[in-house]
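Descriptive analysis of the structure
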Amino acid sequence: MDPIDLLEKHLETQFPTDPTGHDWAHISRVKNLALSIAQVEGGNTEVIHVGALLHDISDHKFNGGKLNKNGSKAIEILNDFTFSEAVKSQVIQLVDQISFKGKNHQDHTLTLEAKIIQDADRLDAIGAIGLARAFAYGGFKNRPIFEPAVLPKNHSNFEEYASDKSHTINHFYEKLLLLKDKINTETGKKIAEKRHAHLLTFLDAFFEEWNSTSNQTNYLKVWNTLH
Ligand code: ADP
Ligand code: NI
């Protein structure tokens, strides 16, 4: 059997559900989106496919709260499958590069394959699915959906961003609405425009139903300072 099929079966069994949004369904959507972006943008399809499947494996949520920086988790899994050394080393390098590390973190050294996977991952965090994932995550963490008086923050580093426990609407202003301007590829940017617009339409309706459109102006002011 093809090692990619075997790896997919392994991940599907290993991560059937995950309340922090890293389940097989997310992995599979990111893989499909990355491969469709690659059809236009190019890149090594095998590296993109395997890299997308393992893109979250170094995440701090899988590693007892710590970022798994040296890619050892990816190495451990890849060694169980018959990928070439070239594919393995490119995948290990890219899985470490692609997770969002707070607003001031910029990566200038990403390979095309990493850029495409990062775009697909960020696109899955915005739009209708991204919105659903945000509230699922907030519910899992016991966070309120909204507290009008608690405005979004400009986090100065990743630790501050990761330890913030405020309501889920803030996550839209602190992260989700910033993602559109961080997309690497032209193909990804087009998809992001549409998904970003869905977030804005949702937020307008949300603040209106909460009778809180005056607060929305304050949120937008903070957002303007963040991006
Ligand atoms: P990924 O690793 O897939 O890029 P994250 O680990 O940052 O994404 O988050 C997983 C999902 O949970 C995403 O959809 C993200 O928007 C959501 N999420 C992360 N942090 C929060 C938060 N503080 N409030 C609401 N949703 C969150
Ligand atoms: Ni992801």
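Thresholds, definitions, all that
Residues numbered from 1 in each chain as written. Chains lettered and ligands numbered in written order. Predicted model: local features only at pLDDT ≥ 70, side-chain atom pairs only at ≥ 80, totals over all residues. Heavy atoms only, no water. Salt bridge = Lys/Arg side-chain N within 4 Å of Asp/Glu carboxyl O. Helix = DSSP H or I, 4+ residues; strand = E, 2+ residues; numbered from the N terminus. Buried < 20%, exposed > 50% of the residue type's maximum accessible area, 1.4 Å probe, protein only. Lys, Arg positive; Asp, Glu negative; His and termini not counted. Donors = N, O, S within 2.8 Å, 3.2 Å for Na, K, Ca; no water. pLDDT = per-residue confidence, 0-100. Core = buried A, V, L, I, M, F, W, Y, C linked by side-chain atoms within 4.5 Å. Contact = heavy atoms within 4.5 Å.

**Quick look at the pattern of salt bridges**
- Evaluated as defined, the whole model comprises 6 salt bridges.
- For the salt bridge of Asp124 with Arg29, the shortest nitrogen-to-oxygen distance reads 2.7 Å. Of this pair, Asp124 sits in the loop between helix H6 (112-123) and helix H7 (127-140) while Arg29 sits in helix H2 (residues 24-41), and the two are 95 residues apart along the sequence.
- Given a relative accessible area of 2%, Asp124 falls into the buried group.
- Look at Arg29 and you get partly exposed, because its relative accessible area is 26%.
- One salt bridge in this structure joins Arg133 and Asp124, with 3.5 Å as the shortest N-O distance.
- Residues joined by salt bridges that share partners form a network here, namely Arg29, Asp124 and Arg133.

**Concerning the side chain of Asp56**
- Summarising the element assignment, Asp56 is placed in the loop between helix H3 (45-53) and helix H4 (72-78).
- At 5.2 Å, Arg133 is the nearest oppositely charged side chain to Asp56, a buried residue that forms no salt bridge.

**So, the coordination of the nickel ion (ligand 2)**
- Distances from the nickel ion (ligand 2) to its protein donors, namely His26 (NE2), His55 (NE2), Asp56 (OD) and Asp121 (OD), fall within the range 2.1 to 2.3 Å.
- The sequence pattern formed by the donor residues of the nickel ion (ligand 2) is H-x28-H-D-x64-D. With a gap of 65 residues between them, Asp56 in the loop between H3 and H4 and Asp121 in helix H6 connect regions that are remote in the sequence.
- Residue classification places Asp121 among the buried residues on the basis of a relative accessible area of 16%.

**Considerations on the confidence of the model for the protein chain**
- Taken residue by residue, the protein chain gives an average pLDDT of 89. The fraction at 70 or more is 90%.
- No element of the protein chain has a lower mean pLDDT than helix H8 (residues 158-163), at 75, and none a higher one than H2, at 98.

**Description of unusual backbone geometry**
- Even without glycine at this site, Asn142 takes up a positive phi of about 60°.
- Even without being a glycine, Asn211 presents a positive backbone phi close to 55°.

**Topic: the nonpolar core**
- Among the nonpolar cores identified, the biggest contains 58 residues, and Leu7, Val50, Leu54 and Tyr173 are the most heavily contacted of them.
- The element best represented in this core is H2, accounting for 8 residues.
- When sequence neighbours within four positions are dropped, the list of residues in contact with Leu54 reads Leu7, Leu11, Ile77, Leu78, Val91 and Val95.

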